[in-house]
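# Descriptive analysis of the structure
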Amino acid sequence: MPIIALYHIKGGVGKTATAVNLSYLAAQEDAKTLLIDLDPQGSASFYFRVRPSKNLKSSSFLKGGKKVDKNIKGSDYEHLDILPSTLSYRKLDLHLNSLKKAKIKLTQVLQPFENEYQFIFIDSPPNITLVSENIINTADYILVPLIPTTLSMLTFEKLQQFFKNRKLKESKIIAFFSMVEKRKKLHQQIMKEVAHQNQINYLTNHIPYSADIENMGIRREPIFCYKPSSTAAKAYIMLWNELKVLVSKL
Amino acid sequence: MSNILTFKIPDSWNSQTIIAEISKHFLIKKNPIVEQRQTCFDTFDWRLFTNGYYLIQEEEKYYLSSTKTEALVEKPIGALITNPKFWWDFPEGTFKDMLKKYLDIRALIPLFEIEIKVDRLLILNNDQKTVVRVQFENIYLIQQGRANEFTHCIKLRTVRGYDQEFVEIKKWLNELGIIQETKAVFLLVLEAIGKKPGDYSSKLNVTLSPDMTVREATIIILKYLLHIIQLNVAGIKEDIDTEFLHDFRVAIRRTRSTLSQIKGVFPKEIRDRFKNDLAVLQKTTNRLRDLDVYLLNKENYQQMLPDHLRPGLEPLFDQLRLERKEEHKNIVNVLCANSYTKTIESWEAFLNSIEERPETKNSHKPVIDLSRKFIFKAYNQVIQIGNQIRDYSPASELHQLRIECKKLRYLLEFFASLFPEQEISLLVKQLKRLQDNLGDYNDLSVQQRSLKKYLETIASEYKDSQQTVAAIGGLIASLFQQQQSVRKALAQTFTEFSEQDNEKIYQKLFA
């Protein structure tokens, strides 16, 4: 039951859109799928129109068990459940700080759900915090969306450096290009350069920059529900097919 | 998995009336109508149903649901097979594993086919989020290719985390006078077509009472067994699975055993005649059963051999399959022939007329007294023969013990309903352990013998099939070793059977 976390230090790179669309695709294949929204902004929860039932406190989230279980909600789609985010997750870091074994706390919280679900996706908050370290420790794969720009690549280097410093498994990282603009020479150039580096797993498929994806915020549903034959929708399908093979080897 | 509740709706209502009503009170979204064709499956002896499941095929998808909640118990599986019969016809995965566990070697049989027209409706909250799924189902039963209207109902499906909304709409339906259907649709259909789930089991399931005469009790047992014999004939002819023949044979064997062991109940010459007729019938089916057992054992045989020798078994199994095909034809002929029909008809007529026949030595004694006497005698016989067996005793003595155990087993089963259930099942369990040991020993020796025979035939026919010769040799060696270890275990198994605690129960119940 692979746990796949969408993560990058930088925000606004297409994490949430990817988490929403990939978890939808997994569920469409009859795999029981859980999307955990750990970003206090709650964008993924918003896309699925799901609100947390009671104000789940970050301290009780970390205790796991029934409280978490009760907050899991069925999405509008078969086989896809959401654990919605709450504003109180902004305090997750504080609570983690006060706990023993803080770096592996999330693993314990998710452990009971690993048998129930065939795929677990996590939409993570940006920045490097104890929460993100937890996510990196817990997830089997860290899926990193990269905008092919110099700055974005620089932050990615920082992320790799962070993995090295903390002795985290760099092999968990799977990167792919997101918000790619065909006409921008710089995008094409950076993508070409990366194709020759092989210490990091890069997916060959990428997600284009697209107004159809941006519209998810208005439609509040996965792109396949309103623009199923768009280039962007097809790109997600290709990306999922490529990723699926990689993560099924677990 | 989500919960499903089914509600009855008045005949005069249609989906439109209800959708109109619901939309007055709830925010809804309509989905397009879908049509589904479903076939329901179980084994002849209801193995899924008795474990609380039913299997539905919808085009190329298979669904395993709980009979109680109608909820899926396993992720549905897609299988590009039109007529799956056995668990091994399904693709690898937990679905297959579950079927394996429950079906074992029995085949799936289609029970009925229905067509469902589904109006699908979503109930939404203020975020336009689905909180309950509603389905109006018009169900048609397919009979002789025609779809006949059967019933209609509403199904509510929960969405995880929205229990409150679910309770709300349920309450609203109740206020409209729409009540929950207690039976799953598939049960209603079975009822309508006259099928009773769980009505067949190969177990001897008769209830006797102590004040019956021996003859009355015996006739109840024999009629039950005759029924089992008759029920299995169609399945043997159609060759649905191997267990029809097996159950058929067990019922005949039990019938013969009843005739020979419950002594002095019927006039001797009549008894002997039927015993003989049934023995002949049984004997004609021996070879087919043997072949079934070999073919069912194929995987076991292969596992006894190293990989490189396994292909050597193919010629053997090819030959067995061919022979089985022929043998099955023979048995179908036997079952269609006049002599079979006559035997069964006159047996049935005899059972129906026996009460008018003259009294015999034991016929009118109370069954409770005689059953005690028979069982205790059979038990003592087992103990006596078993006690004489040593590690060096010849196979013939083991064979004798096996026969005596069988007699005791049948008597315990015939009269089980006259004695405390718990104690009888304990005794049967103890005895079964001993019987399994002796049965394995015998089976292993029969298998070795027939392999040896096969080896002799191929040795003369094609001399260069070295791989096959080696494979068969390997099998014989492996079977021999298994047999040795089974033989070694006998002494201990028998000691356990003959221990004091067990003896005390026999003394208490039957002496």
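First, a word on scope: everything that follows refers to the structure included in this document. (Residues numbered from 1 in each chain as written. Chains lettered and ligands numbered in written order. Predicted model: local features only at pLDDT ≥ 70, side-chain atom pairs only at ≥ 80, totals over all residues. Heavy atoms only, no water.)

Once that is clear, we can look at a negative patch on the surface. A cluster of acidic residues, D211(B), E216(B), E355(B) and E356(B), forms a negative patch on the protein surface. Within the fold, D211(B) resides in the loop between α5 (185-192) and α6 (214-238). (Patch = residues over 30% accessible without salt bridge, like charges linked within 9 Å, V, L, I, M, F, W, Y side chains within 5 Å. Areas by Shrake-Rupley, 256 points an atom, 1.4 Å probe, with all protein chains shown as cover. Salt bridge = Lys/Arg side-chain N within 4 Å of Asp/Glu carboxyl O. Lys, Arg positive; Asp, Glu negative; His and termini not counted. Charge placed at Lys NZ, Arg CZ, Asp CG, Glu CD. Helix = DSSP H or I, 4+ residues; strand = E, 2+ residues; numbered from the N terminus.)

Right, let's talk about the sheet that holds strand β6 (residues 141-146) of chain A for a bit. In space, the 8 strands of this open sheet follow the order β3-β4-β2-β5-β1-β6-β7-β8 (chain A), with mixed pairing throughout. Both outer strands of the open sheet, β3 (73-74) and β8 (201-202) of chain A, are each paired with one neighbouring strand and no more. (Pairing = 2+ DSSP bridges.)

The figure often quoted for interface size is the accessible area lost as the parts come together. Between chain A and chain B, the contact holds 21 residues from the first and 13 residues from the second. Here chain A meets chain B over a buried area of about 1400 Å², counting both sides, of which 32% is carbon and sulfur. Considering only the side of chain A, the residues that lose the most area to chain B are D30(A), R49(A) and D76(A), jointly responsible for 36% of the buried surface there. Across the chain A-chain B interface, the total number found is 7 salt bridges. Note that D127(B) and R51(A) form a salt bridge whose closest N and O atoms lie 2.5 Å from each other. At the boundary of chain A and chain B, one finds 14 residue pairs in polar contact (both at pLDDT 80 or more). Grouping the amino acids of the side of chain A that touches chain B by side-chain chemistry returns 6 nonpolar, 3 polar and 12 charged. (Contact = heavy atoms within 4.5 Å. Buried area = accessible area lost by both parts, 1.4 Å probe. Polar contact = N/O pair within 3.5 Å; in protein donor to acceptor, adjacent residues only side chain to side chain. Nonpolar A, V, L, I, M, F, W, Y, C, P; charged D, E, K, R; others polar.)

The subject of this paragraph is the pairing of strand β4 (residues 61-66) of chain B. All names here are of chain B. Note that strand β3 (residues 53-58) and β4 share 6 bridges and pair antiparallel. If you follow E58 over to β4, its bridge partner there is K61. In this antiparallel pair of consecutive strands, β3 and β4, the connection spans 2 residues, and E59 shows a positive phi of 50°. Bridging between β4 and strand β5 (residues 77-78) involves 2 bridges; their strand directions are antiparallel. Paired with K61 across the bridge in β5 is G78.

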